[in-house]
Amino acid sequence: MNIDIQTVHFDADGKLLEYINRKLAKLSVFHDRIIQVSVFLKLDNVVHSIKDKIAEIRIFIPRHSFFVKSSSKSFQESFDSALDSVINQIKKQKEKQAA
């Protein structure tokens, strides 16, 4: 499983990158054939000076890809929300495949 973390408009600190890598390592529990995981962390300045933190996760497995986008006031919260959503998508896909 290749993990690619990209930050847009800022430089992430080591703690955030370590947190993301630790959480992504647990994905192999849900699907054993994950090829690539891409994480995009962005700052969004749409509403005046309020900076929303956006986390996007794209996961590639054979014959499928999953994409989730989440935003909140912190990167950890955005990432956790997106990760929960993508795990649910993987579980649903595995259930369909088993049926």
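Residues numbered from 1 in each chain as written. Predicted model: local features only at pLDDT ≥ 70, side-chain atom pairs only at ≥ 80, totals over all residues. Heavy atoms only, no water.

Here we take up the sheet that holds strand 2 (residues 36-44). Strands sit in the order 1-2-3-4 across an open sheet of 4 strands; the sheet is mixed. Of all the strands in the sheet, just strand 1 (2-8) and strand 4 (64-72) have a single pairing partner and so form its edges. Each strand axis lies, on average, 10° off the axis of its neighbour in the sheet, ignoring direction. (Pairing = 2+ DSSP bridges. Helix = DSSP H or I, 4+ residues; strand = E, 2+ residues; numbered from the N terminus. Axes fitted to C-alpha atoms, helices over the stretch in contact; angles between N-to-C directions.)

The pairing of strand 1 with strand 2 spans 7 bridges and is parallel. Considered in strand 2, the bridge of Ile3 is made with Val37. Since strand 1 and strand 2 lie parallel, the crossover through helix 1 (residues 14-25) that links them has a hand, and here it is left-handed. (Right-handed = clockwise from strand over helix to strand, strands pointing away.)

This part takes up the nonpolar core. Among the nonpolar cores identified, the biggest contains 23 residues, and Leu27, Ile59 and Phe79 are the most heavily contacted of them. Within the residue set of this core, elements represented by two or more residues are helix 1, strand 2, strand 3 (52-61), strand 4 and helix 2 (75-98). The dominant element in this core, judged by the number of residues it contributes, is helix 2, at 7 residues. (Core = buried A, V, L, I, M, F, W, Y, C linked by side-chain atoms within 4.5 Å. Buried < 20%, exposed > 50% of the residue type's maximum accessible area, 1.4 Å probe, protein only.)

Moving on to helix 1. For helix 1, with 12 residues, the first-to-last C-alpha span of 16 Å sits near the 16 Å given by 1.5 Å per residue. All of the buried residues along helix 1 are Leu16, Tyr19, Ile20 and Leu24. Relative to the axis of helix 1, the buried residues are bounded by an arc of 125° and lie together on one face. Along helix 1, the residues that are exposed and aim more than 90 degrees away from the buried face are Gly14, Lys15 and Glu18. Where the residues of helix 1 are buried, they touch strand 1, strand 2 and helix 2. (Expected span 1.5 Å × (residues − 1). Arc of directions from axis to C-beta. Contact = heavy atoms within 4.5 Å.)

Any functional reading would require information beyond the geometric quantities listed.
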